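Observations on the model geometry
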Amino acid sequence: MSRDPLLQPYTLRHLTLKNRIMTTSHEPAYAEDGLPKDRYRAYHVERARGGVALTMTAGSAVVSRDSPPAFNNILAYRDEVVPWLRKLADECHNHGCAVMIQLTHLGWRTRWDRGDWLPSLAPSPLREPAHRAFPKVMEDWDIARIITDYADAAERMQAAGLDGIELEAYGHLMDAFWAPRQNALDAPWNGDLEARMRFSLDVLSAIRDRTGPDFIVGVRYTADDLATHGITARDGLAIGHRLKASGMVDFLNVIRGRVDTDANLTDVIPVQGMKSAPHLDFAGRVRAEIGLPTFHAARIPDVATARHAVATGQLDMVGMTRAHMAEPRIVAKIAEGREDDIRPCVGATYCLDRIYQGGEALCIHNAATGRELDLPHEITPAPVPRRVVVVGAGPGGLEAARVAAARGHAVTVFEAADRPGGQVRLAAQSRRRAELIGIIDWRMAQCAARDVEFRFNAWAETADVTALDPDVVIIATGGLAQQDILDAGNDLTVTAWDILTGDVRPGREVLLFDDAGDHAALQAAEVIAASGATVEVMTPDRAFAPEVMGMNLVPYMRSLQDKPVTMTVARRLRSVARAGNRLRSIIGTDYSDHSYEAEFDQVVVNHGTLPLDDLYHELRPLSRNGGAVDHDALIAGRQQALAANAGGAFQLFRIGDAVSARNIHAAVHDSLRLMCAQ
């Protein structure tokens, strides 16, 4: 038996959880027709196979029709959900993994123009900034109906064979009753804390009447929402005591903060560059004072932090949810003594930012997450070893090398720089994004363990590649920052990359024209502003930095808003010309013929990259496939077999930004789905 605190079993009433690691409730937005079908199930089963003790499915599965899905939530009010959840539960149980689900009514945290176009509703007309809908103030018949809806949904979950449920009470309907600022109802639903908790306790009572005393029921709740006239820490502890005293609650899952704006959400679920485990001590205080089994998750990305949380008695079960998106086999690798092999969560929060922007959860550097039906997490050996040459040691090139080596191929990587990383290393120079280097470091360690040969400071030429007699050549040379984007004066500008590398010092009055909307512009703005300069960040879009997305935008805004930085939208830089020792800029808009002039002493442009593809085009006529890709085979996970040039010596492919300007995930995805079949 291991003495590792994380590997000790834990008994929750009648349920024995085989270790102390769980994935907390989260919605990856893989539902189809509001149901957890094959893709949804495969995602959770992969984590169960990897050893997690408890998978909490479906963040915010909705119990009522007037709680329309805000981000492709599971529809727990449909009877059709039962057989799909039963399949999911059965397969996870086969791996010794318990399964629960989170139930909620979203209240104000949704919109009326989703689902069945019913009004959103809440105990007050207060609008949630994130979703912008003005809710209907609940009537008695709404309350009675929703209490029944909760009980109906819980009964469905029990019928599906789940081990329990968790009620969501942070930022949704249930905790809105608790918060004085959000409860405008009359008695008996408002008044003192006992009155404000009546709705929650009536829901719990209805669930217990329907499911019996043995079905596990917990509450994930904000024990301090950090809002004026909100739920104080004192209130949160009192709520915890009342929930315990009711005898109807088996565990608490502790949250601190609220989620009604991007800024508040990011404090609850911190992103890269922010403090790890910021609410762990608070969760430990709740556990110590309430005495119920306590779960918690908030940026606990690594095994050491998780182990500390359990070993010090602050938590009974520790949530490593984003970490399991990056690495489904965390528990298995701990048990096997392979902690160094765990793919790290780098805190990029590409997963959640995509969800809140209407997409689906994807990990920035594990392209198999969410694609378990199509792509492998564990690479299988190829039937015939081959010779693979990769040019470029950025994230795409290193992923290609890693997968090829895991397939058993002999791999050589050329890299023009003295170190690996490409654009990731440039981005990681900023403290804000320093953790991104884990994407590179992990792949370098994987390659080293598989005897991949690296040639640094090596600008690969055609002869260098062909001298190795390769079977497959991967061009992962990335791109170079675009600069020729104006009608005139391109030579008078510098790029965001110039600022980030330090090749160009910031000016004093700077225009930063961002036509890409990605991290590079905001990172450059931080560097310029930190130098004491005045910065205008300008975009032709209706909102700035659309590729950065909400949660990742928050730290940038906090760092820039106390400095002389202005954000200008719907303006396009047309041209730049000299005006003495300054630069005269002609600025227009895509919406009309309006234009105006402004002067700066430096103009910085950010417009993505152009592929660095000279070597690729030189190699094309020497290759069998001429660089062509069989898209059907690529998507289906079959080996590439195109041979336009029968006399060619090797297959040739390019990936990532060497094809077109995209992002880290795209480069990694290109490599994984191409190489896992080669």
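Residues numbered from 1 in each chain as written. Predicted model: local features only at pLDDT ≥ 70, side-chain atom pairs only at ≥ 80, totals over all residues. Heavy atoms only, no water.

- In the annotation of an unreviewed UniProt entry, the protein is listed under the name FAD-dependent oxidoreductase and assigned to Roseovarius ramblicola.

**Topic: the nonpolar core**
- Counting residues in each nonpolar core, the largest one holds 112 residues, and the members touching the most others are Leu103, Met157, Ile165, Leu167 and Phe199.
- For this core, the leading source of residues is helix H3 (residues 140-159), giving 8 residues.
- In this view, phenylalanine 199 contacts Ile143, Ile146, Ile147, Tyr150, Leu173, Met174, Phe177 and Trp189; residues no more than four positions away in its chain are not counted.
- In terms of nonpolar packing, the next biggest core, distinct from the first, is built from 42 residues, Ala367, Ile379, Leu398 and Ile474 among them. (Core = buried A, V, L, I, M, F, W, Y, C linked by side-chain atoms within 4.5 Å. Buried < 20%, exposed > 50% of the residue type's maximum accessible area, 1.4 Å probe, protein only. Helix = DSSP H or I, 4+ residues; strand = E, 2+ residues; numbered from the N terminus. Contact = heavy atoms within 4.5 Å.)

**Notes on the sheet that holds strand S21 (residues 565-568)**
- Sheet architecture is open: 5 strands sit in the order S18-S25-S19-S20-S21, paired in parallel fashion. The open sheet has two edge strands, strand S18 (494-495) and S21, and neither has a second partner.
- With 4 bridges joining them, strand S20 (residues 534-538) and S21 adopt parallel strand pairing. Note on S21: the bridge partner recorded for valine 535 is valine 565.
- The strands touched by helix H19 (residues 519-530) within the sheet are strand S19 (509-514), S20, S21 and strand S25 (602-606), with S19 carrying the most contacts at an inclination of about 175°. (Pairing = 2+ DSSP bridges. Axes fitted to C-alpha atoms, helices over the stretch in contact; angles between N-to-C directions.)

**Description of the environment of aspartate 498**
- With respect to the helices, strands and loops of the structure, aspartate 498 is situated in helix H18 (residues 496-501).
- Separated by 418 residues in the primary sequence, aspartate 498 and glutamate 80 have C-alpha atoms spaced 56 Å apart.
- Excluding residues within four positions of it along the chain, aspartate 498 makes contact with Asp503 and Val504.

**Topic: the pattern of salt bridges**
- Within this structure, the stated rule accounts for 51 salt bridges.
- We note a salt bridge from aspartate 116 to arginine 65, for which the minimum N-O separation is 2.6 Å. Of this pair, aspartate 116 sits in the loop between strand S5 (98-104) and strand S6 (121-122) while arginine 65 sits in the loop between strand S4 (54-62) and helix H2 (81-93), placing them 51 residues apart in sequence.
- Classification of aspartate 116 by relative accessible area gives partly exposed; the value is 39%.
- According to the relative accessible area criterion, arginine 65 is partly exposed, its value standing at 49%.
- Between glutamate 453 and arginine 455 there is a salt bridge whose closest N-O contact spans 3.0 Å.
- Residue glutamate 453 is classed as partly exposed on the basis of its relative accessible area of 33%.
- Here the salt bridges share partners, and the residues they tie into one network are Glu327, Arg329, Lys333, Glu336, Arg338, Asp341 and Glu378. (Salt bridge = Lys/Arg side-chain N within 4 Å of Asp/Glu carboxyl O.)

**Things to note about the side chain of threonine 369**
- Inspection of the secondary structure puts threonine 369 in the loop between helix H13 (350-356) and strand S13 (387-391).
- Overall, threonine 369 belongs to the buried group, its relative accessible area being 0%.
- Not counting residues up to four positions away in its chain, the partners in contact with threonine 369 are Tyr30, Tyr43, Arg47, Met325, Ala361, Leu362, Cys363 and His377.

**Some remarks on the sheet that holds strand S16 (residues 472-475)**
- Strand order in this open sheet of 5 strands is S15-S14-S13-S16-S27, and the pairing throughout is parallel. Strand pairing shows two members of the sheet lacking a second neighbour, strand S15 (453-455) and strand S27 (651-654), which therefore form its edges. Averaged over neighbouring strand pairs, the angle between their axes works out to 15° when direction is ignored.
- Two elements, S13 and strand S14 (residues 410-414), share 5 bridges in a ladder whose sense is parallel. Across the sheet, valine 391 pairs through a bridge with phenylalanine 414, a residue of S14.

**A short note on unusual backbone geometry**
- With an omega of 10°, the peptide bond running from alanine 187 to proline 188 counts as cis.
- Note on placement: proline 188 falls in the loop between helix H4 (173-178) and helix H5 (193-196).
- Its identity is not glycine, yet asparagine 72 carries a phi of approximately 55°, on the positive side.
- Its identity as a non-glycine residue notwithstanding, leucine 226 has a phi of 60°, on the positive side.
- Among the secondary structure elements, leucine 226 is positioned in the loop between strand S9 (216-222) and helix H7 (233-246).

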